[in-house]
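Geometric and topological summary
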Amino acid sequence: EEGKEYPLPILNMLSTKYLIIPDSLPNGSFLQQIKPVFSNGQLTIYRNMKAMPRAWFAKTIEVIPQADKLLEKLSDSSFDPAQTALLEAEIQGIVQPDSAVVKQTKSEMHELAYELSTSSDALLTLSEVYYPAGWKAFIDGKETPILPVNYILRGVVIPAGSHNLELKMLPDSYARSVKLSFIGIEIGRAHV
């Protein structure tokens, strides 16, 4: 529709690489951020040239404790998730790194892994939906908190230096069922 605004900052931070748009094209500023890659006359597929990678270190952090204000900021077309990470609470001791490297080494449904290097303690934003029930993060094998970033994404504070980050889906119900299985095996062995 003419004049319709598309939520590109949100699509960018969700690593949305392609958009399918029927018929007419949206407003001009939007056209500068996408490139047509296929059209059949009824719809066109565009490549989003500003799609974010799967994980990145933002340059600045802004704290907005109120959810409604945070969502308002996200929907502002001037918001750039590559530049700013939005948090609901202050985190002490993190700064923009002078140099940082992020390399994803595993991408499975219930497990992600990254090799990281950063010159200072910094906040890593992951293009993964924040879902606290079950996901656990480990830096070099030691559990670390997962934080909500930009209202809907995951974030992890990475200490200065080179590290391995793993994210695993390990819900408490899974851990309980494994323990109960071992108890059942032990009881079974005791009666044999």
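Criteria and cut-off values
Residues numbered from 1 in each chain as written. Predicted model: local features only at pLDDT ≥ 70, side-chain atom pairs only at ≥ 80, totals over all residues. Heavy atoms only, no water. Helix = DSSP H or I, 4+ residues; strand = E, 2+ residues; numbered from the N terminus. Buried < 20%, exposed > 50% of the residue type's maximum accessible area, 1.4 Å probe, protein only. Contact = heavy atoms within 4.5 Å. Areas by Shrake-Rupley, 256 points an atom, 1.4 Å probe, with all protein chains shown as cover. Pairing = 2+ DSSP bridges. Phe/Tyr/Trp six-rings, centres within 6.5 Å; stacked < 30°, edge-to-face > 60°. Lys NZ or Arg CZ within 6 Å of the ring centre and 35° of its normal. Axes fitted to C-alpha atoms, helices over the stretch in contact; angles between N-to-C directions. Patch = residues over 30% accessible without salt bridge, like charges linked within 9 Å, V, L, I, M, F, W, Y side chains within 5 Å. Salt bridge = Lys/Arg side-chain N within 4 Å of Asp/Glu carboxyl O. Polar contact = N/O pair within 3.5 Å; in protein donor to acceptor, adjacent residues only side chain to side chain.

Within the chain, the secondary structure is distributed over four helices and 14 strands. Counting across all 192 residues of the chain, residues that qualify as buried make up 33%. Here the contacts in the chain between residues at least 6 apart in sequence split such that 64% fall between residues at least 24 apart. Surface accessibility of the chain: about 11500 Å² in total, with carbon and sulfur atoms responsible for 54%.

On to the pairing of strand 3 (residues 43-48). Residues of strand 3 alternate between two faces, with Thr44, Tyr46 and Asn48 buried on one and Leu43, Ile45 and Arg47 left unburied on the opposite face. Bridge analysis of strand 1 (residues 18-22) against strand 3 gives five bridges, and the strand direction is antiparallel. Across the sheet, the residue bridging to Pro22 is Leu43, located in strand 3. Sheet topology note: the strand 2 (residues 34-39)/strand 3 ladder contains five bridges and is antiparallel.

So, on to the packing of aromatic side chains. What the rule picks out here adds up to zero aromatic pairs. Cation over ring: Arg154 sits above Trp135, and NZ or CZ is 4.1 Å from the ring centre. Sitting over the face of the ring of Phe138, Lys168 holds its NZ or CZ atom 5.9 Å from the ring centroid.

Turning next to the sheet that holds strand 12 (residues 147-149). Read from one edge of the open sheet, four strands run 4-9-13-12, paired in antiparallel fashion. Each of the sheet's edge strands pairs with one partner strand only, and the pair in question is strand 4 (55-57) and strand 12. Here the average twist between neighbouring strands, direction ignored, is 40 degrees.

This part takes up a nonpolar patch on the surface. The grouping of Tyr18, Val37 and Phe38 at the surface amounts to a nonpolar patch, some 310 Å² of accessible area in total. Structurally, the position occupied by Val37 is in strand 2.

It is worth spelling out the side chain of Ser15 at this point. Counting through the fold element by element, Ser15 comes out in the loop between helix 1 (8-13) and strand 1. Separated by 3.1 Å, the side chain of Ser15 and the backbone oxygen of Pro53 make a polar contact. Look past the residues within four positions of Ser15 in its chain and what remains in contact with it is Ala51, Met52, Pro53, Arg54 and Ser127.

The next point concerns the sheet that holds strand 8 (residues 111-118). Taken together, five strands build an open sheet; the order of strands is 7-8-14-10-11 and the sheet is antiparallel. Unpaired on one side and paired on the other, strand 7 (100-108) and strand 11 (142-144) mark the two borders of the sheet. Sheet twist, expressed as the mean angle between neighbouring strand axes with direction ignored, is 25 degrees. Where strand 7 and strand 8 come together, eight bridges link them in antiparallel fashion. The partner of Ser107 across the bridge, within strand 8, is Leu112.

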